[in-house]
Amino acid sequence: MKKELIARLNRVNDRIRMAAARANRNPARIRLVAVGKNHPVSKIKVFNDHGVELFGENRVQELRDKQKQLEDEQIKWHFVGHLQRNKVKYLMRMSNCLMIESLDSWRLAREIDKRARRNNRKMPVLVEVNIARDQNKYGIMPEETLDFLKEVAGLEKIKVRGLMTVVPYAEDPEQTRPYFHQMSDLKDRANSRGFELEELSMGMTNDFEVAIEEGATIVRIGTALFGKRDYE
Ligand SMILES: *Cc1c(COP(=O)(O)O)cnc(C)c1O
């Protein structure tokens, strides 16, 4: 298993580098978040031992279980899924949960601010944008994003570092390009209004190369690293 995982990691890193080269981008400005949901911690351990610096989970309970099993490993986490307000406190207590990538409502923002204050930290977040206006997805609507950023800027214990999106799956990843392009535009527009957004988290197994060509600074990759998820 270990050999196969390392081979997959090398392949993903190569593909990231090649996509960056095509877009004349510095590959050092693209970070990999390895999303290990539904996979055992043994795989996370292998990747952690072989240079992967960030891991993502989309469920708080699973993240807490894994953190407990990986206590000695010094894993750095990003939370990437829809976050219920009553679970925020658990993330705020984990000093190695470095970012919430999925801020998708004002009420969640207020709860993060409150719990961050209580834990004496300032929480880095990304604002999740529903760029495809998909009924089945979470996220702030694109046309509401600038107003939302302005409101969140008033919360002392939240630091918005950028934007994140999950685009609809497309057989041909080229079809996702317009969405990624719109995300880049939105980030540029925000920055021209005085915000300081550095990160664009976009692109998953199916479409991360297109996302990188359009400006992704964080790619969240599960299947291409861990293999198929086993949902029983
Ligand atoms: C599962 C998940 C990913 C990774 O998906 P793959 O297609 O397996 O690479 C990325 N982002 C989020 C928010 C996820 O839930």
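Before going into details, it helps to say that this report is about the structure given with it. (Residues numbered from 1 in each chain as written. Predicted model: local features only at pLDDT ≥ 70, side-chain atom pairs only at ≥ 80, totals over all residues. Heavy atoms only, no water.)

**So, the overall build of the chain**
For clarity, the threshold we go by: Helix numbers and strand numbers start at the N terminus; a helix is a DSSP run of H or I with at least 4 residues, a strand a run of E with at least 2. Computation of the radius of gyration draws on C-alpha atoms, with the globule rule given as 2.2 Å multiplied by the number of residues to the power 0.38. Buried means the residue's accessible area, taken with a 1.4 Å probe over protein chains only, is under 20% of the maximum for its type, while exposed means over 50%, and partly exposed covers the values in between. Whether two residues are in contact is decided by their heavy atoms, any of which lying within 4.5 Å being enough. Residue burial considers only the protein chains on display, and all accessible areas are found by Shrake-Rupley using a 1.4 Å probe.
Of the regular secondary structure elements, the chain holds nine helices and eight strands. Its C-alpha radius of gyration of 17 Å places the chain within 12% of the 17 Å reference for a compact globule of 232 residues. For the chain, with 232 residues in total, the buried portion stands at 52%. Pairs at least 24 residues apart make up 61% of the contacts formed inside the chain by residues separated by at least 6 positions. Within the structure as shown, the chain displays about 11,800 Å² of accessible surface, and the carbon and sulfur contribution to it stands at 43%.

**Considering the site of the ligand**
Formally: We call a residue near a molecule or strand as soon as one heavy atom of that residue lies within 4 Å of the molecule or strand. Between N or O atoms, a polar contact is any pair within 3.5 Å; within protein, one atom must be a potential hydrogen donor and the other a potential acceptor, and residues adjacent in sequence are included only when both atoms are from side chains. Each residue is assigned to one of three groups, with Ala, Val, Leu, Ile, Met, Phe, Trp, Tyr, Cys and Pro labelled nonpolar, Asp, Glu, Lys and Arg labelled charged, and all others, Gly among them, labelled polar.
Neighbouring residues of the ligand: V35, K37, N58, V80, M204, T205, R220, I221, G222, T223 and R229. Here a nitrogen atom of the ligand and a side-chain polar atom of R220 are 2.9 Å apart. A distance of 2.8 Å is found between an oxygen atom of the ligand and a backbone nitrogen or oxygen belonging to G222. Within the complex, the protein chains bury 90% of what would otherwise be the 390 Å² of accessible surface of the ligand. Within the shell around the ligand, the residues separate by chemical class into four nonpolar, four polar and three charged.

**Thoughts on unusual backbone geometry**
In most cases, non-glycine residues show a negative phi, while peptide bonds are predominantly trans. Despite not being glycine, N38 shows a phi value in the positive range, around 65°. Considering the arrangement of structural elements, one finds N38 in the loop between β1 (31–35) and α2 (41–49).

**Examining the pattern of salt bridges**
Filter applied, for reference: The term salt bridge refers to a pairing of a side-chain nitrogen on Lys or Arg with a carboxyl oxygen on Asp or Glu at a separation within 4 Å.
Per the counting criterion, the structure on display carries 19 salt bridges. Salt-bridge contacts for R22 lead to E213; the nearest nitrogen and oxygen are separated by 2.8 Å. Note that R22 is positioned in helix α1 (residues 2–22) and E213 in helix α8 (residues 208–213), a separation of 191 residues in sequence. Notably, a salt bridge pairs E174 with R177, separated by 2.7 Å at the nearest N-O pair. Through salt bridges with shared partners, a single network forms among R22, E174, R177, E213 and E214.

**Some thoughts on the environment of R25**
Structurally, the position occupied by R25 is in the loop between α1 and β1. With 66 residues separating them in the primary sequence, R25 and L91 have C-alpha atoms 33 Å apart. Each residue touching R25, except ones within four places of it in the same chain, is listed here: A20, I30, I212, G215, A216 and T217. In this structure the side chain of R25 is engaged in a polar contact, spanning 2.9 Å, whose partner is the backbone oxygen of I212. A distance of 2.7 Å separates a polar side-chain atom of R25 from the backbone oxygen of A216.

**Quick notes on the environment of A109**
Along the chain, A109 falls in helix α5 (residues 106–118). Taking the C-alpha atoms as reference, A109 lies 18 Å from E196; in sequence the two are 87 residues apart. Beyond its immediate sequence surroundings of up to four residues, A109 is in contact with L103, V152, L155 and I158.

**A short note on the nonpolar core**
Short version of the rule: We call a set of buried residues a nonpolar core when its members are Ala, Val, Leu, Ile, Met, Phe, Trp, Tyr or Cys and they connect through side-chain atoms within 4.5 Å of each other.
The biggest cluster of nonpolar side chains holds 66 residues, and the ones touching the most others in it are L32, I100, L103, I112, I212, V219 and L225. Top contributing element to this core by residue count: α1, with six residues. Among residues more than four places away in sequence, those in contact with I112 are V88, M92, I100, L103, M123 and I158. V33, L54, L126 and I218 belong to the second largest nonpolar core, which has seven residues in total.

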